[in-house]
Amino acid sequence: MTATCFHEQFEALLPKIKESARFAFRALNPADRDEAVADVCAAAWPAWHGLIKRGKNPLDVGPYGILTNAIRYVRNGRRVGNPGSGRGRMDPWHRKAQRRGGFKLVSLAAAQRDGDVKAWVANDHRPTPADHAAFLIDFQDWLGRLSERRRRSAELLSQGFGTVEVARQVGLTPAAITQARAALARNWSEFQQDRTA
């Protein structure tokens, strides 16, 4: 069988994978559920591709096993493109980090829609006006160094949009946005280190 055939088989299974992932994460709110579904799809592909590279037919091994492992992978807070299990502890977008830190990210649009922006900003006394101004300058400088698509993705993610929404708006797959998010986080960290060096 050709690589194209295996890829087509995986694409044909994607609706079932998404349906099963939606069911597995049915207790989450819609935005988090969409994120989890995208992460399951992103985790299933490397497993599928890995079997092919080892000379095995993924259909012989069993799509159910691949799906089950991908769901377990996501439930454990692991993300594709981020080796190690520490991602959930460090990533402010990850629900485990939010639970552990006692905070929740909300999009500015949702906060405005709910009328909570002023209360939310008024109750956050940690950053000083100078900190806020410095961040805005640094953030704009960092965005200006990114490619147009990466910049748009970073802006949408920073506004609290989920993987699926960002993927639709920039014309990529949710899996690509999941991987881009990790690259953006690394890039931002490197940018900050360069600023302090």
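About the criteria used
Every residue gets a number counted from 1 within its own chain, in the order that chain's sequence is written. Given that this is a predicted model, residues contribute local features only at a pLDDT of at least 70 and side-chain atom pairs are listed and counted only at 80 or more, while totals for whole chains, interfaces and linings are drawn from all residues. Values reported for side chains reflect all heavy atoms of the structure, with hydrogen atoms and water molecules removed beforehand. Numbering of helices and strands starts at the N terminus; helices are DSSP runs of H or I of at least 4 residues and strands are runs of E of at least 2. Residue contacts are counted whenever heavy atoms from the two residues lie within 4.5 Å of one another. Within this document, salt bridges are pairs made up of a side-chain nitrogen of Lys or Arg and a carboxyl oxygen of Asp or Glu, the two lying within 4 Å of each other. For every residue, the accessible area obtained with a 1.4 Å probe (protein chains only) is divided by the maximum for its type, and the residue is called buried under 20%, exposed over 50%, and partly exposed between those limits. Aromatic rings from Phe, Tyr and Trp, taking only the six-membered ring of Trp, are treated as a pair when their centres fall within 6.5 Å; an angle between ring planes under 30 degrees marks them as stacked, one over 60 as edge-to-face, and anything in between as tilted. In this scheme, Lys NZ or Arg CZ marks a charge over a ring once it lies within 6 Å of the ring centre and within 35 degrees of the ring normal. A fitted line through C-alpha atoms represents every axis, and for helices the fit uses only the stretch in contact; the resulting angles, taken between N-to-C directions, go from 0 to 180 degrees. Note: crossing handedness is left-handed where the near helix turns anticlockwise from the far helix by less than a right angle, and right-handed where it turns clockwise. Amino acid classes used here: Ala, Val, Leu, Ile, Met, Phe, Trp, Tyr, Cys and Pro are nonpolar; Asp, Glu, Lys and Arg are charged; the rest, including Gly, are polar. To qualify as a nonpolar core, a set must consist of buried Ala, Val, Leu, Ile, Met, Phe, Trp, Tyr and Cys residues joined through side-chain atoms within 4.5 Å. Helix span, expected: 1.5 Å multiplied by one less than the number of residues in the helix. Throughout, the arc means the angular range of directions from the helix axis out to the C-beta atoms.

**Focus: the overall build of the chain**
Argument step 1. Along the chain, the regular secondary structure elements total twelve helices and zero strands.
Argument step 2. Listing each helix as α and each strand as β along the chain from the N terminus yields α-α-α-α-α-α-α-α-α-α-α-α.
Argument step 3. Sequence-distant contacts, at least 24 apart, represent 52% of the contacts inside the chain between residues at least 6 apart.

**Things to note about the pattern of salt bridges**
Argument step 1. Within this structure, the stated rule accounts for two salt bridges.
Argument step 2. Two residues, E35 and R181, come together in a salt bridge whose shortest N-O distance is 3.1 Å. Here the residue E35 occupies a position in helix α2 (residues 30-53), and R181 occupies one in helix α12 (residues 174-196), the gap between them amounting to 146 residues.
Argument step 3. On the basis of relative accessible area, E35 is assigned to the buried category, the value being 12%.

**Brief notes about the packing of aromatic side chains**
Argument step 1. Enumeration over the complete set of coordinates arrives at six aromatic pairs.
Argument step 2. Residues F10 and W45 carry aromatic rings whose centres are separated by 5.0 Å and whose planes lie at 65° to one another, so their mutual orientation is edge-to-face. Placement of F10 in helix α1 (residues 3-24) and of W45 in helix α2 is noted, with a sequence separation of 35 residues between them.
Argument step 3. F10 sits in the buried class, given a relative accessible area of 6%.
Argument step 4. Both rings, one in W142 and one in W188, keep their centres 5.2 Å apart while their planes meet at 70°; by these two values the pair is edge-to-face. Note that W142 is positioned in helix α9 (residues 129-144) and W188 in helix α12, a separation of 46 residues in sequence.
Argument step 5. Linked through ring pairs, F139, W142, W188 and F191 together constitute an aromatic cluster.
Argument step 6. If you follow R26 out to its NZ or CZ, it ends over the ring of F23, 4.0 Å from the centre.
Argument step 7. The side chain of R75 reaches across the aromatic face of F25, ending 5.3 Å from its centre.

**A short note on the packing of helix α10 (residues 148-158) against helix α11 (residues 163-170)**
Argument step 1. Interhelical geometry of α10 versus α11 gives an angle of 145° and a closest axis separation of 10 Å. Here the hand of the crossing between α10 and α11 comes out right-handed. Every residue of α11 that contacts α10 at R149, R152, S153, L156 and L157 is listed here: V166, Q169 and V170.
Argument step 2. Residues that form the contact of α10 with α11 fall into these classes: four nonpolar, two polar and two charged.

**A few points about the nonpolar core**
Across soluble globular proteins, nonpolar side chains have a tendency to be buried as a group.
Argument step 1. Of all hydrophobic cores here, the largest spans 19 residues; its most connected members are I17, F25, V40, A44 and I71.
Argument step 2. Elements with a contribution of two residues or more to this core: α1, α2 and α4 (63-75).
Argument step 3. In this structure, A154, L156, V166 and V170 belong to the second largest nonpolar core, which totals 14 residues.

**Description of α4**
Since one α-helical turn is 3.6 residues long, residues separated by three or four positions face the same way.
Argument step 1. Here α4 spans 18 Å end to end across 13 residues, near enough to the 18 Å set by a 1.5 Å rise per residue.
Argument step 2. Taken as a whole, α4 has its buried residues at I66, L67, A70, I71 and V74. The buried residues of α4 all sit within an arc of 130° when viewed along its axis, so they share a single face.
Argument step 3. Just beyond α4, the residue with positive phi is G77, at close to 85°.

**Here's the deal with the environment of L13**
Argument step 1. Residue placement: L13 occurs in helix α1.
Argument step 2. Separated by 50 residues in the primary sequence, L13 and P63 place their C-alpha atoms 8.3 Å from one another.
Argument step 3. Those residues within four positions of L13 in sequence are excluded, and the remaining contacts are W48, L59 and P63.

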